[in-house]
Amino acid sequence: MQIKDLPYPDPGVPDTRSGPRFLWWLARNQLGGQLKALAWGLLHFASVSALPFCVGVAVQAVIDRSGRHLALAGLLLLLACVGNALGDTFLHRTAVTNWITAAARVQQLLARKAAHLGSALTRRVAAGEVVAVSTADVEKIGWFVESVSRFGAAAVTVVLVCGALVIYQPALGVVVAVGLPVLALAVLPLLPHATRRADVQRAKAGRATELASDTVAGLRVLRGIGGEELFLDRYRRASQEVRHAAVRSARMWALIAAIQALLPGLLLISVVWYGVQLARQGRITVGELVTVYSSVMVLTYPLRQFEEIAMAYSFSRPSAQRAARVLSLERPANGGGSRATDLLSGDFSGDASGVRPEGVRQVPSGAAALVPSPDTAPVSSLEAARVASPAAVASGGPYRVPSGDLYDPVTGLLAPEGRFTAVVCGDPDAAGRLAERLGGHAGDAAAPEGAGVPRGTGVPGEGSPGAEASGAEAGEVAGEPGTSEAGKSGAVGAAGGEASEAARAEVLASRKGAAGENEAGESEAAGARPGSGGGAAAGTSVLLGGVPLDALPIDSARAAVLVQDKDPVLLSGTLRELLDVPASGAVSPAEALAAAQCADVLAALVEGSLDAADPMDARITERGRSLSGGQRQRLALARSLITDPEVLVLDEPTSAVDSHTEARIAVGLRGLREGRTTVVFTSSPLLLDHAERVVLVHEGEVAALGTHRTLVHDEPRYRAVVTRETDDEAALSGVADETTLRGVLEEIEETA
C-alpha cells in the first residue's frame, strides 16, 4: 500500500482483545511494507557498519605501503557510501509510508466505528478520549509500527557485526560480542517505571483534552453565566498536572538515555585499552585495532534503535489499548425481532418465492408467525420489507430500504406511514432516548427505569396506508384510551380524556382479556398488543413496516430512518459542502432552505464572507460557532430535509427559534414532507398544531393520542407539558371554571 493509494478499500477487522494484539495485527497487515523497510534498513545499517572495516584496511595499507590494498579500501569505501545513501533514503521513504498507512488504517477503523455507533459513541467513551485516540494516539501507534522494521534491521546488523568481529579478530571480537548485549539489555529494568510514568502523563493529558473540548463546546453558555474563569482555573490546574507528569516521565527517559550513552563509552574504553595491550604484544595489527574500535563506535548508531523501539512501545501500548477499547464497542443486538433472519432473507412463510402473500400482515415485536388478516388489503410497505435475497444477505448486500409504519414496541408509539406525527414527552432526556430508539438504537436508548410493559395498541402496517382511519390509528392508545378519529367503536373515553384510575384498570383488563383476538371491524385498542403477557424488553428493536431496524445493515437502517438530535453538528466548510449529503434527489437545497426559513441565514453568511457572492460558497466555521443557535438549527434542519429519508425523526428542531419563524417552519416542514413519515419531538404549540397526529408519552409509554387542540382541552398531563401549567395553576383553573359554572346556573334559576 502506497500513500497515493489511501484510503484503504477495506481497513480490515482489527484484533481488539488487547493493545499489544492490536499492534501486532497492524504490523501483520503491513507485512509487505515491513519487509521492504527491513531490506532497506539492512542495506543502510550494513553499509554503515562496513565503514570501519574499510577504514581499517586503508590504515593497514598505508602502514604496509600497499597501493593495491589502499585502492581496494577506497573502492570498498565508495560502495559502502553508495549503499548507505541508497539504504538511508529508501528506508526513510518506506518507514514514513508505513507510519502514515498504519495511522490511516487506524483512522479509517475509528471513522467506521464512529459511523456505526453514532451518538452512542460519546455516551460510552468520553469525548476527550475519542479526540485523543483519533489524533495523538494514532500518531504514536504509527510510530511503533514503522519502528519495528528499523529495529529488526538494527538487531540483525548488530548480530552480524558481532559475529564478523569474532571471526575477524577473536580476542577483541569476544569482548564486543559480550558487551553489546549488556548495552542493549541494561535499560530493561527501567522500562516498566518509564512506562508507568508515561501512562500517568497520557491519562492526565486525556483528561485535560476532555476538559478543553467540553469548555470550548460550551463557551457560549459559560460566557452567559460568567463561568469562564472557573473553567479556566480548572484547565490551568489540569494543565499543570500534565506538566508535572511530563517532567517526571522525561526524567526517567533522560536516565535511560544517559545510561545508553554511558555504557557504550565504557565499552569503547575497554576495547581500546585491551586492544592497545594486544597491539603492544604483537597479537593484533594497528589496522585491526582501528577496525574494531571504529566498529564499536559505529554500532552505537544501530543500538539507538533499541532505545527508540522501547520508547515507541511504551508510548504506543496505552494508545493502542485505548484505540482497541473504542474499536471493540459494538452496536447492541436487540432481544426482539425473532423473525429478523427470515425477513432479511426473504423467507416469508407459505410462499417459496419469498413474496409476502396478499392479506398477510406482520405481527410486530417478536411474533413468531405471519397472521392472515382477511379484512386487510395487500400492504405495499410490507412487501418492501423483503429487503434482500438470501444471497444478498450472505454477501452483505445490496439491500432494499424497508418502508411502512414505524412502531416502537417498548412505548407503544406508532407513526403511520406518510403522516406527520408529533410526540410530546415531559422528560427531554426520555424524549432523546426515544428518538434514538426510533433510529434503531434499541440497546443505547433503553426505556427509562420503571417503564414496564407498554400498553399499546395497533399493529403497524395493518390497513390500507391511504385509509383515513386505519385500525392502527383508531386504536393506538397506551395507558389512556383514545377515541378513534374515524369514530370506530370500541375506543374507550376521549384521547386520554378524563378516565379515572378505575376506568383505566378496566380498560387494561379488557385488553388483556382480548389479547390475541383480531376480529374484522373491531377497534385495535382491544387487540393483541405485541409482546403482551411477556412484555417488550427495553432492547427490543423498533419496527419499520414490520422489519426490525436492528436486523438491517447499519447503512440501510440509517437510509430508512434519519434522526436529528437536539444538538446537531455543523461541520466546517462551505454551505454547499454542508448540504452535499446522501439524498434521494427529490428535495433540492433551495426547497430545503426555504422550508427551514434560512433566508436570513444565507444573507448573514454572505455578509460575513469576504470573497463569496453566492451563499452556497460561503464558509461555515467549525460547528457553526459564528452562527446563532437558531441559525444552526435551521441549517441542520435543511440538511436533514435534503436527504428526504423514508422516515425523518426530529428532536426539538426549533427550540432556539423565535415564534414567528417557528410558525413558518411548521408550515414549510409539513408541506415539504407531505406523504412522507415525519416524527417530531416537541412541546411547541406552533408545531403541534400543524401535526396530523399528536402522541403524549408519559413515564415511558404512550398515554394519549389525538390532535393538539383536543389534547389541550381534555388531557391535563399534556396541557401541563405544553402550556407549562403547574399543579396549583391547574387547581385554580378548575376552581375558576367551577365558580363560573355555578354562577351561570344560579343566574338561570333566578331568571326562571
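Treat the numbers as computed from the prediction; the structure is a model and nothing was measured.

1. Some remarks on the overall build of the protein
(1) Moving on: For the protein, the helix and strand inventory stands at 26 helices and 14 strands.
(2) Moving on: Per-residue burial for the protein yields a buried fraction of 47% across its 752 residues.
(3) Moving on: Within the protein, contacts between residues separated by at least 24 positions form 76% of all contacts whose residues are at least 6 apart in sequence.
(4) Moving on: Put simply, the protein shows about 34,700 Å² of open surface, and 60% of that area lies on carbon and sulfur atoms.

2. Digging into the packing of aromatic side chains
(1) Moving on: For the coordinates displayed, the defined rule picks out 8 aromatic pairs.
(2) Moving on: Centre to centre, the rings of Phe53 and Tyr168 are 5.9 Å apart; their planes meet at 80°, and the pair counts as edge-to-face. Placement of Phe53 in helix α2 (residues 31-64) and of Tyr168 in helix α5 (residues 127-168) is noted, with a sequence separation of 115 residues between them.
(3) Moving on: Arranged with centres 5.1 Å apart and planes meeting at 80°, the rings of Phe151 and Phe306 form a pair that is edge-to-face. With a gap of 155 residues between them, Phe151 in helix α5 and Phe306 in helix α10 (residues 286-327) connect regions that are remote in the sequence.

3. Overview of the side chain of Asp408
(1) Moving on: Within the secondary structure, Asp408 is located in strand β3 (residues 406-408).
(2) Moving on: Excluding residues that lie within four positions of it along the chain, Asp408 makes contacts with Leu413, Leu434, Arg437, Leu438 and Val542.

4. Here we look at the pattern of salt bridges
(1) Moving on: With the rule as written, the count across this model stands at 20 salt bridges.
(2) Moving on: When the shortest N-O distance is used, the salt bridge between Arg317 and Asp199 registers 3.1 Å. Separated by 118 residues along the polypeptide, Arg317 in helix α10 and Asp199 in helix α7 (residues 191-217) bring together distant segments of the chain.
(3) Moving on: Linking Arg709 and Asp689 is a salt bridge whose minimum nitrogen-to-oxygen distance equals 3.0 Å. Placement of the pair is Arg709 in helix α24 (residues 708-714) and Asp689 in the loop between α23 (685-688) and β13 (693-698), with a sequence separation of 20 residues.
(4) Moving on: The network of salt bridges with common partners includes Asp644, Glu646, Arg673 and Arg676.

5. Some points on the nonpolar core
Generally speaking, a soluble globular protein has its nonpolar side chains buried in company with each other.
(1) Moving on: Within the largest apolar cluster, 45 residues are counted, with the highest numbers of intra-cluster contacts made by Val424, Leu575, Leu593, Leu635, Val694 and Tyr718.
(2) Moving on: In this structure, Leu110, Val125, Leu191 and Ala198 belong to the second largest nonpolar core, which totals 36 residues.

6. Things to note about the environment of Val174
(1) Moving on: Tracing the chain through its elements places Val174 in helix α6 (residues 170-185).
(2) Moving on: Classification of Val174 as partly exposed rests on a relative accessible area of 43%.
(3) Moving on: For Val174 and Gly163, which are 11 residues apart along the polypeptide, the C-alpha to C-alpha distance reads 9.0 Å.

7. A word on the packing of helix α1 (residues 19-28) against α10
(1) Moving on: At a minimum axis distance of 7 Å, the contact between α1 and α10 shows a crossing angle of 95°. Of the possible angle classes, the one that applies to α1 and α10 is roughly perpendicular. Contacts between α1 and α10 involve Gly19, Pro20, Phe22 and Leu23 on the former and, on the latter, Tyr313, Ser316, Arg317, Ala320, Gln321, Ala323, Ala324 and Leu327.
(2) Moving on: Class assignment for the residues of the contact of α1 with α10 results in 8 nonpolar, 3 polar and 1 charged.

8. Description of the side chain of Gln633
(1) Moving on: Looking at where Gln633 falls in the secondary structure, it is placed in helix α21 (residues 629-643).
(2) Moving on: Overall, the relative accessible area of 7% leaves Gln633 in the buried class.
(3) Moving on: With residues up to four places along the chain from it excluded, the contact list for Gln633 reads Gln564, Lys566, Glu652, Pro653, Thr654, Ser655, Ala656 and Val657.

9. A look at the sheet that holds strand β14 (residues 701-706)
(1) Moving on: Taking strand neighbours across the sheet as the criterion, the 6 strands line up as β8-β11-β12-β5-β13-β14 in an open arrangement whose pairing is mixed. At either margin of the open sheet sits one strand with a lone partner, and together these are β8 (561-564) and β14. Each strand axis lies, on average, 20° off the axis of its neighbour in the sheet, ignoring direction.

10. A few points about the confidence of the model for the protein
(1) Moving on: In the predicted model, the protein carries a mean pLDDT of 75, and 72% of its residues have values of at least 70.
(2) Moving on: Mean pLDDT per element in the protein: strand β2 (residues 370-372) is the minimum at 31, and strand β12 (residues 677-681) is the maximum at 96.
(3) Moving on: Here residues 334-398 is a poorly scored stretch, pLDDT under 50, and it has 128 contacts once near neighbours within four places are set aside; other chains count.
(4) Moving on: In the model, residues 444-535 has pLDDT below 50 throughout and makes 179 contacts with residues more than four positions away in sequence or in other chains.

11. Structural notes on the pairing of strand β5 (residues 420-425)
In the case of a regular strand, side chains alternate between the two sheet surfaces.
(1) Moving on: Within β5, 6 of the 6 residues are buried, leaving the element largely enclosed by the surrounding structure.
(2) Moving on: Of the two faces of β5, the one holding Phe420, Ala422 and Val424 and the one holding Thr421, Val423 and Cys425 are both buried throughout.
(3) Moving on: In this structure, β5 lies alongside β12, joined through 4 bridges in parallel fashion. Of the residues in β12, the one forming a bridge with Val423 is Phe681.
(4) Moving on: As judged from the 5 bridges shared by β5 and β13, these two strands associate in the parallel manner. Directly across from Thr421, in β13, lies its bridge partner Arg693.

12. Brief notes about helix α3 (residues 67-117)
(1) Moving on: The terminal C-alpha atoms of α3, which comprises 51 residues, lie 74 Å apart, in line with the 75 Å expected from a rise of 1.5 Å per residue.
(2) Moving on: The opening residue of α3, the one whose side-chain oxygen lies 3.2 Å from the backbone nitrogen of His69, is Ser66.
(3) Moving on: Trailing α3 by a residue or two, Gly118 shows a phi angle of about 65°, which is positive.

Rules of the game
Residues numbered from 1 in each chain as written. Predicted model: local features only at pLDDT ≥ 70, side-chain atom pairs only at ≥ 80, totals over all residues. Heavy atoms only, no water. Helix = DSSP H or I, 4+ residues; strand = E, 2+ residues; numbered from the N terminus. Buried < 20%, exposed > 50% of the residue type's maximum accessible area, 1.4 Å probe, protein only. Contact = heavy atoms within 4.5 Å. Areas by Shrake-Rupley, 256 points an atom, 1.4 Å probe, with all protein chains shown as cover. Phe/Tyr/Trp six-rings, centres within 6.5 Å; stacked < 30°, edge-to-face > 60°. Salt bridge = Lys/Arg side-chain N within 4 Å of Asp/Glu carboxyl O. Core = buried A, V, L, I, M, F, W, Y, C linked by side-chain atoms within 4.5 Å. Axes fitted to C-alpha atoms, helices over the stretch in contact; angles between N-to-C directions. Parallel < 35°, antiparallel > 145°, perpendicular 65-115°, else oblique. Nonpolar A, V, L, I, M, F, W, Y, C, P; charged D, E, K, R; others polar. Pairing = 2+ DSSP bridges. pLDDT = per-residue confidence, 0-100. Expected span 1.5 Å × (residues − 1). Polar contact = N/O pair within 3.5 Å; in protein donor to acceptor, adjacent residues only side chain to side chain.

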